[in-house]
Amino acid sequence: MKHVLNLHSLPDSVWDVLIGEALKHAENRAYRSNQHPGKHMGLVFFNDSLRTRVSMELAVAALGATPVTVTPGSGTWGFAWEKGRPMLGGEAEHIQEAVGVLSRYVDALGVRLFASGTDRDQDREDALLQQFAAASAVPVLNLESASRHPCQALADAAVLTRHFDGHAKRKKFVLSWTNHPKALPMAVPNSTLLMAARLGMDVTVARPDGFELESDVMEKAAELASSSGGRVQESNDLQAAVLGAQVIYAKSWGAVRRYEHPEAEAKMRQSHRDWRITESHMHAGDNAQFMHCLPVRRGVVVDDAVLDGSQTLHLDQAEFRLHGQKALLDWMWEGKG
Ligand code: CP
């Protein structure tokens, strides 16, 4: 079955087709409209969303299919996950039946299921997403899980491909950790790093010591970079990392220390309030563009002047969520590529 849980397990031929199709959807909003009449897509949101929810509903509708959005525990029963234990808690229905039932109604399911922030192995292995997909009889599209956000990565790859006119290879891309009051998950930085490495960019992950990404993701990024002609390195010096950068992609994430010592991790984050993208960082780049997947905290992650300036792609990234997801759904249902 054609689940899309992790974009980087798809072959290069599909990756190239999806980026190309996303660009065609951006050029012509009517491209491949109404190609899938009669299809239904269930969108299950365990977590909040603006972009993913609205762009998915619009993408499904533009292809002529019908979206049905479900918010577990809010207008539906709450779902239990554990197996082999009597369900004596607040949840009335098990995920096994809930996904089994939805599979009888729809032709595909999308699911948003963030990291627990408390179980490192479960988050790293995307165990709940795997459980959801295993219970489904129809293809499942990951709308941001504990460790991956493939729809964001596809949108960002298409934005970069358009911005660099198809020549993103070897352009200097800085993925910068930024301060945040919460220990956010690693799904976006993981997928962003893999995306930029796969485009063959010269990637620097800039982060304070202690905020390294998981080693398996760094290794996968190095592998993708070696096939694409790109490069991946790390730096704990933001000022040095942004020198000559053509893209500064800001993202906050929690340190792995959060799993064992959440209070110590919070103190670590608070000590790095200066990790915030300013005009001075942008000016140190080479005609640098700012990127962020949104939502973004102004004055914490990035200064207003950067977001309100002309050197930013953040709204293009949000727009391309629509174009990329049309391409993904069309491929899932049609087998394009
Ligand atoms: N970037 C992104 O996924 O936005 P939402 O959380 O609003 O869907």
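Sequence order sets the numbering: in each chain, residues are counted from 1 along the sequence as written. Owing to the predicted nature of the model, reporting of local features is limited to residues with pLDDT of at least 70; listing and counting of side-chain atom pairs is limited to 80 or more, with chain, interface and lining totals taken over all residues. Only heavy atoms go into the side-chain values, all of them from the structure, while hydrogens and water stay out.

A. Representation of the domain arrangement of the protein. For the protein, the domain assignment lists domain 1 (7-148 + 318-334) and domain 2 (153-317). Using only C-alpha atoms to locate each centre, domain 1 and domain 2 end up separated by 25 Å. It only takes one pair of heavy atoms within 4.5 Å for two residues to be counted as in contact. Counting residues at the interface gives 29 residues for domain 1, matched by 33 residues for domain 2. A quick way to say it: buried area is the sum, across both parts, of accessible area lost when two parts are put together, with a 1.4 Å probe. Summed over both sides, the interface between domain 1 and domain 2 buries roughly 2,500 Å², with carbon and sulfur atoms accounting for 62% of that surface. For this analysis, a salt bridge means a side-chain nitrogen from Lys or Arg found within 4 Å of a carboxyl oxygen belonging to Asp or Glu. Across the domain 1-domain 2 interface, the total number found is three salt bridges. For the purposes of these results, a polar contact is taken to be a pair of N or O atoms within 3.5 Å, where, inside protein, one atom must be able to donate a hydrogen and its partner to accept one; residues adjacent in sequence count only when each atom of the pair is a side-chain atom. Inspection of the domain 1/domain 2 interface yields 15 residue pairs in polar contact (both at pLDDT 80 or more). Bear in mind that the domain bounds are from an automatic or database domain assignment.

B. Structural context of the sheet that holds strand S10 (residues 247-251). Here a strand pair is declared whenever DSSP counts at least two bridges between the two strands. Only DSSP runs of H or I covering at least 4 residues are called helices, and only runs of E covering at least 2 are called strands; the numbering of each starts at the N terminus. If you trace the five strands from one edge of the open sheet to the other, you get S9-S8-S7-S10-S11, paired in parallel fashion. Of all the strands in the sheet, just strand S9 (231-235) and strand S11 (289-291) have a single pairing partner and so form its edges. Ignoring strand direction, the axes of neighbouring strands in this sheet form an average angle of 20°. Note on method: axes are straight lines fitted to C-alpha atoms, helices fitted across the in-contact stretch only, with angles between N-to-C directions ranging 0 to 180 degrees.

C. Spotlight on the pairing of strand S8 (residues 202-206). Exposure is judged per residue with a 1.4 Å probe applied to protein chains only, and the accessible area is read against the type maximum: over 50% gives exposed, under 20% gives buried, and values in between give partly exposed. Within S8, five of the five residues are buried, leaving the element largely enclosed by the surrounding structure. By the alternation rule, side chains of S8 split into Asp202, Thr204 and Ala206 and Val203 and Val205, which are all buried. Sheet topology note: the strand S7 (residues 172-177)/S8 ladder contains five bridges and is parallel. Among the inter-strand pairings, Lys172 is bridged to a residue of S8, identified as Asp202. A right-handed crossover is one whose linking path, passing over the helix from the first strand to the second, runs clockwise when the strands point away from the viewer. Note on the crossover from S7 through helix H7 (residues 187-198) to S8: the handedness is right-handed. Pairing analysis gives five bridges linking S8 to S9, with the strands arranged parallel. Directly across from Asp202, in S9, lies its bridge partner Arg231.

D. Layout of the packing of helix H2 (residues 51-62) against helix H13 (residues 314-334). Packing of H2 against H13 brings their axes to within 9 Å, and their N-to-C directions diverge by 45°. It follows that H2 is oblique to H13 by the angle criterion. Of the two possible hands of crossing, H2 and H13 adopt the one that is right-handed. Along its contact with H2, which presents Arg51, Thr52, Ser55, Met56, Leu58, Ala59, Val60 and Ala62, the element H13 presents Ala318, Arg321, Leu322, Gln325, Lys326 and Leu329. When an angle is under 35 degrees it counts as roughly parallel; over 145 it counts as roughly antiparallel; between 65 and 115 it counts as roughly perpendicular; any other value is oblique. Crossings are assigned a handedness: left-handed for a near helix turned anticlockwise from the far helix by less than a right angle, right-handed for a clockwise turn.

E. Geometry of the nonpolar core. Leu141, Phe173, Met201 and Leu329 are the most contacted members of the largest nonpolar core, which has 84 residues in total. Residue assignment places this core across two domains, with domain 1 (7-148 + 318-334) and domain 2 (153-317) each supplying three or more. Residues Val106, Leu109, Val111 and Ala133 belong to the second largest nonpolar core, which totals 19 residues. As used in this record, nonpolar core signifies buried Ala, Val, Leu, Ile, Met, Phe, Trp, Tyr and Cys residues forming a set joined through side-chain atoms within 4.5 Å.

F. Representation of H2. Between its first and last C-alpha, H2 extends 16 Å over twelve residues, near the 16 Å set by a 1.5 Å rise per residue. For H2, the complete set of buried residues consists of Arg51, Thr52, Ser55, Met56, Ala59 and Val60. Looking straight down H2, one finds its buried side chains confined to an arc of 135°; they lie on one side. In the core, the buried residues of H2 are packed alongside strand S1 (40-45), strand S2 (66-70), strand S5 (108-112), strand S6 (140-142) and H13. How far a helix is expected to stretch is found by multiplying one less than its residue total by 1.5 Å. Think of the arc as the fan of directions from the helix axis to the C-beta atoms.

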